[in-house]
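Observations on chain architecture
Chain by chain, the residues run as shown.
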Amino acid sequence: MFMLNEIIANKRLEVEDKKRLRPLEDLQGKLREARPVRDFYHALNLPGISLIAEIKKKSPSKGEFPVQIAAAELAHLYCQNGARAISVLADEKFFGGGAHVVERVANDPGVHLPVMYKEFIIDPYQIYEARSIGADAVLLIVRSIGDKGTLAEMIGTVHNLGMQALVECFTADDAAIAVEAGARIIGVNNRDLQTFEVDLKRSEEIRSVIPEGALTVSESGLKTPADALEAQQRGFDAILVGEALLKSEDLTKSIRGFAGLEIAEQQSNR
Ligand SMILES: O=P(O)(O)OC[C@@H](O)[C@@H](O)c1c[nH]c2ccccc12
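Residues numbered from 1 in each chain as written. Predicted model: local features only at pLDDT ≥ 70, side-chain atom pairs only at ≥ 80, totals over all residues. Heavy atoms only, no water.

1. Overview of the pattern of salt bridges
This structure, assessed with the given rule, holds 18 salt bridges. Here K11 makes a salt bridge to E119, at a shortest N to O gap of 3.0 Å. Placement of K11 in helix α1 (residues 2-21) and of E119 in the loop between β5 (115-118) and α6 (124-132) is noted, with a sequence separation of 108 residues between them. Accessibility expressed as a relative area gives 1% for K11, which makes it buried. Since its relative accessible area comes to 3%, E119 is described here as buried. Ionic pairing is found between K30 and E33, a salt bridge with its closest N-O pair at 3.4 Å. Since its relative accessible area comes to 35%, K30 is described here as partly exposed. Salt bridges sharing common partners tie together K11, E14, D91 and E119. (Salt bridge = Lys/Arg side-chain N within 4 Å of Asp/Glu carboxyl O. Helix = DSSP H or I, 4+ residues; strand = E, 2+ residues; numbered from the N terminus. Buried < 20%, exposed > 50% of the residue type's maximum accessible area, 1.4 Å probe, protein only.)

2. Thoughts on the pairing of β5
The alternating pattern of β5 places V115 and Y117 on one face and M116 and K118 on the opposite face, and all of these are buried. Sheet analysis places strand β4 (residues 85-89) next to β5, joined by 4 bridges and oriented parallel. Across the sheet, the residue bridging to L89 is K118, located in β5. Read as a crossover between parallel neighbours, the route from β4 over helix α5 (residues 99-106) to β5 is right-handed. For β5 and strand β6 (residues 137-141), the ladder comprises 2 bridges, and the chain directions are parallel. Its bridge partner being in β6, M116 is matched across the sheet by A137. After leaving β5, the chain enters α6 and then returns to the sheet as β6, a path that is right-handed. (Pairing = 2+ DSSP bridges. Right-handed = clockwise from strand over helix to strand, strands pointing away.)

3. Structural notes on the site of the ligand
In the vicinity of the ligand lie 17 residues, with E54, E168, R191, S220 and G242 positioned nearest. The separation between a nitrogen atom of the ligand and a polar side-chain atom of E168 is 2.7 Å. A distance of 2.9 Å separates an oxygen atom of the ligand from a polar atom in the backbone of G221. Protein burial of the ligand: of its 440 Å² of free accessible surface, 96% is covered by the chains. Looking at the shell around the ligand, the elements with two or more residues in it are β6 and β10 (238-241). (Near = heavy atom within 4 Å. Polar contact = N/O pair within 3.5 Å; in protein donor to acceptor, adjacent residues only side chain to side chain. Areas by Shrake-Rupley, 256 points an atom, 1.4 Å probe, with all protein chains shown as cover.)

As structure tokens, this is what we get:
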């Protein structure tokens with residue numbers, strides 16, 4: 001978990017800086033002005049597989065992505081081609097995102113989908129920041145939060161602010177912690193953060209320990225619409241896709257493919 005440790009250590013410093021510049025009370029005072037929450041849970045809980053499409057500029061494993069268009073424009077394409085939610089990286093140093101990018105996308109008049117603040121959350125301050133800039137959901141990584149009690153408190157804070165949490169797991173043990181802490185939406189990360197290797201089979205094993213009632217998301221390393229279909233067959237409600245979209249030559253077609261629209265069209269043309 002070398003990389004995750006490094007990211008978290010940096011995040012602690014960043015959060016301390018943010019708190020100094022803008023104390024929690026200031027953020028809390030801004031909450032009433034934030035745009036109303038869009039329902040991330042409902043957006044994922046629809047028939048068929050739900051695509052959460054990601055916006056990031058780079059990643060530690062893949063470097064810079066070739067996408068040339070601005071975040072808001074990318075979000076418009078996601079909205080117009082069948083995605084059901086948008087994930088925006090808030091981390092700047094490792095993923096080239098930022099809270100300002102989340103804010104821009106979440107408040108763009110052309111964006112009707114729920115927006116997730118994708119960040120390494122280690123402090124409730126970040127949850128308040130997410131809502132104050134208009135986000136509808138946040139990512140909570142079991143591994144970076146540590147214990148079940150703290151995770152449960154964080155999930156409570158997210159729900160109290162009207163948002164939803166996507167709680168990310170790497171192992172069946174993580175998934176058990178997530179369930180006990182009250183997670184309603186559980187993500188299984190197919191990418192091992194130590195080796196960066198992707199194993200879609202692993203997610204199947206973990207999926208099997210998550211009880212009915214929680215929504216499930218297969219995250220990372222999905223390369224083709226066939227992988228989306230497979231995730232659906234394995235019982236996942238949603239997929240989180242970044243790289244395959246951000247690297248594709250025909251972005252519109254790729255979004256539609258992962259969203260399942262291409263398949264639906266082929267079937268209705270028969
Ligand atoms: O780009 P990919 O392989 O399609 O993966 C997207 C997403 O799952 C990945 O970015 C991710 C999943 N969990 C994270 C936690 C932090 C940063 C990034 C992530």
